[in-house]
Amino acid sequence: QQQVKQSPQSLIVQKGGISIINCAYENTAFDYFPWYQQFPGKGPALLIAIRPDVSEKKEGRFTISFNKSAKQFSLHIMDSQPGDSATYFCAAKGSGYSTLTFGKGTMLLVSP
Amino acid sequence: DTGVSQDPRHKITKRGQNVTFRCDPISEHNRLYWYRQTLGQGPEFLTYFQNEAQLEKSRLLSDRFSAERPKGSFSTLEIQRTEQGDSAMYLCASSSGQENSPLHFGNGTRLTVT
């Protein structure tokens, strides 16, 4: 079963704080793990992605941590800003699959 | 704007009516995807084209749904005999042919079936 489980469902963080969103997967054939960001009224947009041959990838304030043995990966947003308030989706894809499987999303609110 | 465009942005229809949505992908992208998103859920895959060939369809795609991509350019998604459960945001995305190339989503068509 292709599933990606995401938590928490919603998150409130103060400006300047660290936002952490977690995802877990079951299918060991998954080998590509992107995070998408979606603002209200817009389609999702790729934020950052990782492959399982590395344990961490950082792009600016956004970091993905990957734990292959635990089949878990997480998104960390450092120095969270009100402009980061959006819904974040983790996703996964295997080389044998043509499409992404998305988590249910985390609604992040960064309070000023 | 060279992004993915979808039309219409909103569609309200009565149960039992047919609706058709259009997606214009990024011009150089040969892969096109349709996803459905309901409130509080992530996008759910419906179907996928590579050029004009429809290569995969989800079990979510009932017989009332049909998608086309003539000439490998724009795509249409038609829902026949709409039901209230079809109310959702329908998202189109495109990507290049490279492995793990990012999906570029449009802003979706929000369908409300009354």
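Cut-offs and rules
Residues numbered from 1 in each chain as written. Chains lettered and ligands numbered in written order. Predicted model: local features only at pLDDT ≥ 70, side-chain atom pairs only at ≥ 80, totals over all residues. Heavy atoms only, no water. Phe/Tyr/Trp six-rings, centres within 6.5 Å; stacked < 30°, edge-to-face > 60°. Buried < 20%, exposed > 50% of the residue type's maximum accessible area, 1.4 Å probe, protein only. Helix = DSSP H or I, 4+ residues; strand = E, 2+ residues; numbered from the N terminus. Lys NZ or Arg CZ within 6 Å of the ring centre and 35° of its normal. Contact = heavy atoms within 4.5 Å. Buried area = accessible area lost by both parts, 1.4 Å probe. Salt bridge = Lys/Arg side-chain N within 4 Å of Asp/Glu carboxyl O. Polar contact = N/O pair within 3.5 Å; in protein donor to acceptor, adjacent residues only side chain to side chain. Nonpolar A, V, L, I, M, F, W, Y, C, P; charged D, E, K, R; others polar.

Caption draft 1: Molecular detail of the packing of aromatic side chains. Per the counting criterion, the structure on display carries 19 aromatic pairs over all chains. Between the aromatic rings of A:Phe66 and A:Phe73, the centroid separation amounts to 6.4 Å while the plane-to-plane angle is 35°, which identifies the pairing as tilted. For the residue pair A:Phe66 and A:Phe73, the accessibility class agrees, reading buried in each case. Taking the centre distance of 5.0 Å and the plane angle of 20° together, the rings of B:Tyr33 and B:Tyr48 count as stacked. Here the residue B:Tyr33 occupies a position in strand E4 (residues 31–37), and B:Tyr48 occupies one in strand E5 (residues 44–50), the gap between them amounting to 15 residues. The burial state of B:Tyr33 is the same as that of B:Tyr48; both residues are buried. A connected cluster of aromatic rings, assembled from ring pairs, spans A:Tyr36, A:Phe89, A:Phe102, B:Tyr33, B:Tyr35, B:Phe45, B:Tyr48 and B:Phe105. Across the ring face of B:Phe74, the terminal group of B:Arg22 is positioned such that the distance to the ring centre comes to 3.9 Å.

Caption draft 2: Layout of unusual backbone geometry. Omega for the peptide link from A:Ser7 to A:Pro8 comes to -5°, which places this bond in the cis form. Within the fold, A:Pro8 resides in the loop between strand E1 (4–7) and strand E2 (10–14).

Caption draft 3: Main features of the interface of chain B and chain A. On the side of chain A, 18 residues touch chain B, which itself brings 19 residues to the contact. Carbon and sulfur atoms make up 47% of the surface buried where chain B meets chain A, a total of about 1,600 Å² over both sides. Our count for the contact surface shared by chain B and chain A stands at one salt bridge. A:Lys93 is the partner of B:Glu99 in a salt bridge, and the nearest nitrogen-oxygen pair spans 3.1 Å. One can count eight residue pairs in polar contact (both at pLDDT 80 or more) joining chain B with chain A. Listing elements by their share of the side of chain B that touches chain A, those giving two or more residues are E4 and E5 of chain B. Sort the elements by how many residues they give to the side of chain B that touches chain A and E4(B) lands first, with three residues. Considering only residue class, the side of chain B that touches chain A consists of nine nonpolar, seven polar and three charged.

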